[in-house]
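# Geometric and topological summary
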Amino acid sequence: MRIRVNENKEIADMVKEGLEQTGGYCPCRRERTPDTKCMCKEFRDQIADPDFEGFCHCQLYYKEK
Ligand code: SF4
């Protein structure tokens, strides 16, 4: 299992900028709760799922199996 940052620098920079503006909360979501703090619960659950491979919701990170 490996987690990497999206090689598409344009997307990665855009999401990182969004995270800076929200103070670390997912820029793709409205709610600001511990579950939406990057890395958000959704992605943490996807990391824990042995069958999941793919991008997180914002496409900043990619999980390889
Ligand atoms: S979707 Fe990705 S960038 Fe957005 S909070 Fe979750 S892990 Fe971070």
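Before reading on, note that the structure itself is shown above.
Figured I'd write up the structure that's included with this text. (Residues numbered from 1 in each chain as written. Predicted model: local features only at pLDDT ≥ 70, side-chain atom pairs only at ≥ 80, totals over all residues. Heavy atoms only, no water.)

## Looking at the environment of Leu 60
Considering the arrangement of structural elements, one finds Leu 60 in the loop between strand 2 (54-55) and strand 3 (61-64). Among the residues examined, Leu 60 registers a relative accessible area of 3% and is labelled buried. Sequence-wise, Leu 60 and Tyr 25 are 35 residues apart; in three dimensions their C-alpha atoms are separated by 13 Å. Apart from the residues within four sequence positions on either side, Leu 60 is in contact with Arg 4, Val 5, Asn 6, Ala 12, Val 15, Lys 16 and Leu 19. (Helix = DSSP H or I, 4+ residues; strand = E, 2+ residues; numbered from the N terminus. Buried < 20%, exposed > 50% of the residue type's maximum accessible area, 1.4 Å probe, protein only. Contact = heavy atoms within 4.5 Å.)

## Side note on the site of the ligand
For the ligand, the full set of nearby residues is Val 15, Cys 26, Arg 29, Cys 38, Met 39, Cys 40, Phe 43, Cys 56, His 57, Cys 58, Leu 60 and Tyr 61. In terms of residue class, the shell around the ligand is made up of 10 nonpolar, one polar and one charged. (Near = heavy atom within 4 Å. Nonpolar A, V, L, I, M, F, W, Y, C, P; charged D, E, K, R; others polar.)

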